[in-house]
Amino acid sequence: MSIDGIRVGAASRQRRCTALLAAGVLLPLPVLAGCSSSSSEEATPRQAVVPQDVASAARGQLRGGGTVRWAIDAVPVTLNTFQSDADAASDRIAGAVLPALFTLDERGRPKRNPDYLDSADVTEREPQQVVVYKLKRAAKWSDGRALGAEDFAAQWKALSGRNRAYWTARNAGYERIRKIEQGHSPQEVRVTFGKPYTDWRSLFTPLYPKAVMGTPGAFNDGARKTLKATAGPFALKDVDGTKGRGKVTLVRNTRWWGERPKLDSVVFKAVARDRRAAALSDGELDVADIDRSTVEKIQAAARPKSGGRSEKGGDARQAAHHGESLAGALRSAHAGPTEALRAWARAHGTPQERAAERARRAAASRAENLRGYTVRKSLEPAYTQLALNGASGPLADERVRRAVARAINRQAIADAVLKPLALPAQPLGSHLLMAGQQGYQDNSAALGSQDTEAAQALLSSAGWRREGGADLPKAGGKAEDRRNGDDTGQDGDEKKKQAREERGEKKDEKKKDEKKNEKQRDEEKQAREKRDEEKPAKKDGEKQESARKDDGEKRDGEKQDGEKKDREKKGSAKEAGPGGSRAGSADVHAVRKDGKPLVLRFVLPTGTGAEPLRTVGDRISAMLEDIGVRTEIVKVKDDSYFKDHIAAGDYDLALWSWPASAYPATDARPIFAKPQPAADGSLIVEQNYTRVGTDHIDQLFDQAVSELDGAASRSLVRRADARIWAVAGSLPLYQRPQLVAARSNLANVGAYGFATPRYQDIGFRK
């Protein structure tokens, strides 16, 4: 999902477990602990790792100075990343101005940040876990005070959840801390845990000064638009929240003790994603996350013109032509004013020609600007999934969920999304780790591979069968075309023609049957009327009986139509406004149970950025037709997609994205935790919007987060992932592409993948 950026939930580590819907930033929403590894972990295929693409360069190759204009979706409403309304821009700014004790490398492994820490180690395990941090002596806040234990203690107390006055999206792990104290020196901080915590490296990043964390008032309101002190390579200069052109300006931190930043400043500009292409064309940005259509525009601009003629050459020839025409106009001036005016018009063209020339020059200028960018691409630490709501209805049956999941050709979907971008198209084999991360293992065998016959058998065991033993749809029909995206070519045309002929024959047969049945009903009706005349005493009773016989089937159909209309009416109330449209799936031989077809509501967003999700949704619908499952496509506006449908449980099938994490034992638990009943009878789902979970999965997560041996903890995470596959609440489809436009002469910035940006090393080449 972002879609790519709707924030949801109020559970532990909510800030990192955000659905990426900015399309589907659900993030709609974007996995390791420890440094030890087992032999099985080292067997992870190295070729599965997609490297970051950041135009790496040594600092000596960069010139000092300059400003980078970096696109963000909007000016953040808060600079406190631990509040529920923080967003990706809040995180990016914090990464440049606040301490990060541990950063992530290219494979998502936490690494000690030497700019702040000389060391950080678990020094005791029994009777309690103790971690000792040794801070760099030179590390100071912008107000001149050294980083110390009082900052750690203030952050712990604010985020522990014990004081409800702090308006925080509680960050898990802090509640396990028992005490924090200064060690043998002001630079040493001792953290004692009441419960063992394998993901201790996730804590205190970012680290805020005690001036922000010390009191509820300062935490709630003091860091929303400004920061009282910073301690990064850059400092916060200004936050301009002007609607439509807001920006956040960072400048070099004059108190920074590390390597001097190459840039003078970084300006984060609010530019909506649907305006990014235009902003790049106008030269207003230096770095921007982009979509596939913008990638194609940049690539088209980089291609040479046909015939090898450059834009500059064409301008020069045209200028020469106009010069000659103008000279001719001057020469002809001696022929009289009328002739001179006509010559001037010929030299300058008609108003329409002049307008066309201005448009041509503007287009040439935009193309020239786009040629100054390079597309950096990798795989984002996030994945898109098909979610199956197991709260009620047919999908409450695990067999039906497994059938739906096994009908999906994940490879075909990954190919369609990633291959056009020249990225490896490999279906993701884990809900908890991305390919290339330490501990990654493909656990999809716990569900089973794509298998239409196995899926149909699962449906049959759950009581969903085709009436009359109808066969599966024949290959080459509409579902096959949509599934494979093969709508062109001779073979496709022949398949379509054959499918149309088959459908036509079936329609003719159906019409004949309907006429035959209608004739038979008329004959029966006449016979009943005759009996009614002969037996008037029984007339009323027989009329009622005949009505029941004639209209029984009709009432069943009307009842189903009424239920559907009621559901659509309810949905329309939630989706008020344009964009809440619906489209039913194609008529197929649906499996039935108790006479009712298996129809699933497939909810998808309508925004322009969600077009890839809708395309994937159409492919999935076609695949489900093969097993007799119909889908009712429900299109809703982006701003209501998550709040009114996903979080509320008003869907059967949906697509959104989750971010991956370096700390899955902590971050993934609320996403897959078994829903628990609340006192008022409702369900507490945390971030498990599929409502599918088990006690066993919860126990494996609890064991993993308390296991201090890194390899053992990762083994437990893998076991939890296998059980998540088995219950089929969600189906990972593909790791999301990460596409970034960056100035061609800009280094150490682009598609970072898992890696943490190092802002002081970003700069322009000499």
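Notes on the structure in this doc start here. (Residues numbered from 1 in each chain as written. Predicted model: local features only at pLDDT ≥ 70, side-chain atom pairs only at ≥ 80, totals over all residues. Heavy atoms only, no water.)

To continue, consider the pattern of salt bridges. A side chain of one charge can pair with a side chain of the opposite charge when the charged atoms of the two come close. Enumeration over the complete set of coordinates arrives at 29 salt bridges. When the shortest N-O distance is used, the salt bridge between Arg-376 and Asp-53 registers 3.9 Å. One end of the pair, Arg-376, is in strand β13 (residues 373-388); the other, Asp-53, is in the loop between α1 (39-42) and β1 (62-63), with 323 residues separating them in the sequence. Among the residues examined, Arg-376 registers a relative accessible area of 12% and is labelled buried. (Salt bridge = Lys/Arg side-chain N within 4 Å of Asp/Glu carboxyl O. Helix = DSSP H or I, 4+ residues; strand = E, 2+ residues; numbered from the N terminus. Buried < 20%, exposed > 50% of the residue type's maximum accessible area, 1.4 Å probe, protein only.)

This paragraph deals with the nonpolar core. Trp-70, Tyr-133 and Phe-204 are the most contacted members of the largest nonpolar core, which has 106 residues in total. In terms of nonpolar packing, the next biggest core, distinct from the first, is built from 60 residues, Ala-71, Leu-604, Trp-725 and Leu-731 among them. (Core = buried A, V, L, I, M, F, W, Y, C linked by side-chain atoms within 4.5 Å.)

In this structure, Gln-385 sits in strand β13. Of the polar contacts made by the side chain of Gln-385, one reaches the side chain of Ser-730; its length is 3.4 Å. Every residue in contact with Gln-385, bar those within four places of it in the chain, is listed here: Ala-654, Leu-655, Trp-656, Trp-658, Ser-730, Leu-731, Pro-732 and Leu-733. (Polar contact = N/O pair within 3.5 Å; in protein donor to acceptor, adjacent residues only side chain to side chain. Contact = heavy atoms within 4.5 Å.)

We now examine unusual backbone geometry. Residue Pro-127 is bonded to the preceding Glu-126 through a cis peptide linkage, with omega at 0°. Positionally, Pro-127 belongs in the loop between β5 (117-124) and β6 (130-135). Backbone torsion omega between Thr-205 and Pro-206 reads -5°, so that peptide bond is classified as cis. Positionally, Pro-206 belongs in the loop between β8 (188-193) and α4 (210-213). A positive phi angle is found at Phe-204, which is not glycine, with a value near 60°. Structurally, Phe-204 can be placed in the loop between β8 and α4. In this structure Phe-204 comes out as buried when scored by relative accessible area, which is 0%. Of note, Arg-691 is a non-glycine position whose phi angle comes to about 60°, a positive value. When you line up the elements, Arg-691 lands in the loop between β21 (683-684) and α21 (695-706).

No statement about biological role is implied by the geometric values presented.
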